[in-house]
Amino acid sequence: MATTSSTEPDTEFTQDCLVPLHGGSGAGTNVEADSVPDRGDTDSNYCSGENSETTSVSSSVFSLTYANGRRYHSDHFRNAEYFLPNEVEQSRLDMYHHIFLSLLGGKLYTAPLDHPQKVLDVGTGTGLCAIDFADEHPEAQVTGTDISPIQPSWVPPNVKFEVEDMDREWVYKPNTFDYIHLRSMCGTFRDWDKVLQEAYDKLKPGGYIEYQDYGCQIYLSDGTLLEGECEKYPLGTYFYHTMGAAERQGRPLIIAHTMKERMEKIGFIECVAQTAIWPIGPWPKDKRLKELGKWGLLGTCDSLYPFGVHLLTKEGWTVEQIKELCANAAKSLYKNHYYTYGWFVYGRKPIPEACEQNA
């Protein structure tokens, strides 16, 4: 049944550009709903749910894996795994790039960067964030990595893309980057501590790491966290089954709330975690949240079936059972007021004391 979470994340808003929380910060925020929600042009039928390891983007990488009738990333990286097929993921990532920008008031990052020279965008997807960063920082050399070569060929001269499985040992030299950026990466890695250690090693002293993601936990507008199966709120049931499957399969999706503590454990300092409300549907009264909700609804619709079929077929579910789960969840998107959180976490690699004294 749906229960109210009693634990609030240790986060505070320190930037006015973030979408403000109503009624405080953290989990369980009460968000005022519009008495007559604007459903826009959305249609409930739309939500049916259906030597070095680095490789340059060449024809050999375009051999894509097919499963459940959908196209996934290249067989070249057989041990890498990602939930969404390429044709769905490309449009979804472009959409979510817009959502993340909206959550940050048009900004690409929250870390206090100072003219970074070498930047790494891990899991760059379609490359929009790397391209925008390169345009904004023409002095920087930006490298985007992903397991799928779905980036555009025409890019700014200070951007390059590499096909790379970052779940393995990173190929870059220690103390290389001023800024390492990871976004929409929940469910990607089996060992997040190992990934963060790789990032720590590859950052220059004083460099920043930043993690941006969705929280993958669903709340009602009154702040109730949905947990377990819930007949009244089928989206909560959907998340209960898919999040549990991801956890059992070793690639957890509910990871964002642990990122600040993980960074601090690795050795990062001055770590800051912030959250912003991410509505699913145009139900909020606040105009900015309402607009975000339209995008959040489309993003959720695009993701229900691909996530479900990838995760739950491994748990013994039939395709018909998954379609029914997704259909019920999709219908409930238009009947209930759901939201999740966007998470923004950064930390800095310390500068050795001797270096600070000589600076």
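These lines cover the structure that appears in this document, whether it is placed above or below.

Conventions and cut-offs
- Residues numbered from 1 in each chain as written.
- Predicted model: local features only at pLDDT ≥ 70, side-chain atom pairs only at ≥ 80, totals over all residues.
- Heavy atoms only, no water.
- Axes fitted to C-alpha atoms, helices over the stretch in contact; angles between N-to-C directions.
- Helix = DSSP H or I, 4+ residues; strand = E, 2+ residues; numbered from the N terminus.
- Parallel < 35°, antiparallel > 145°, perpendicular 65-115°, else oblique.
- Left-handed = near helix turned anticlockwise from the far one by under 90°.
- Contact = heavy atoms within 4.5 Å.
- Nonpolar A, V, L, I, M, F, W, Y, C, P; charged D, E, K, R; others polar.
- Salt bridge = Lys/Arg side-chain N within 4 Å of Asp/Glu carboxyl O.
- Buried < 20%, exposed > 50% of the residue type's maximum accessible area, 1.4 Å probe, protein only.
- Expected span 1.5 Å × (residues − 1).

What to know about the packing of helix α3 (residues 192-202) against helix α5 (residues 259-266)
- Across the interface, α3 lies against α5 with an axial gap of 10 Å and an inter-helix angle of 55°. Classified by the angle their axes make, α3 and α5 are oblique. Between α3 and α5 the crossing geometry is right-handed. Facing α3, whose interface residues are Trp192, Asp193, Leu196, Gln197 and Tyr200, α5 presents Met259, Arg262, Met263, Lys265 and Ile266.
- In terms of residue class, the contact of α3 with α5 is made up of 6 nonpolar, 1 polar and 3 charged.

Notes on the pattern of salt bridges
- Throughout the structure, instances matching the rule amount to 11 salt bridges.
- The salt bridge partner of Glu198 is Lys202, with a shortest N-O separation of 3.0 Å. With Glu198 and Lys202 both in helix α3, this residue pair falls 4 residues apart, about one helical turn. Per residue, the accessibility class of Glu198 equals that of Lys202, and both read buried.

Re helix α4 (residues 234-248)
- With 15 residues, α4 extends 21 Å from end C-alpha to end C-alpha; this agrees with the ideal 21 Å at 1.5 Å per step.
- Most of α4 sits inside the fold, with 12 of its 15 residues counted as buried.
- For α4, the full list of buried residues reads Pro234, Leu235, Gly236, Thr237, Tyr238, Phe239, His241, Thr242, Met243, Gly244, Ala245 and Ala246.
- Residues of α4 that are buried sit in contact with β9 (269-280), α6 (287-312), α7 (319-332) and β10 (338-348).
- A positive backbone phi angle near 85° is found at Gly250, which sits one or two residues after α4.

Considering unusual backbone geometry
- A positive phi angle, near 55°, is found at Ser184, a position not held by glycine.
- Positionally, Ser184 belongs in the loop between β6 (177-183) and α3.
- Notably, Glu270 is not glycine yet its phi reads approximately 55°, a positive angle.
- Relative to the helices and strands, Glu270 resides in strand β9.

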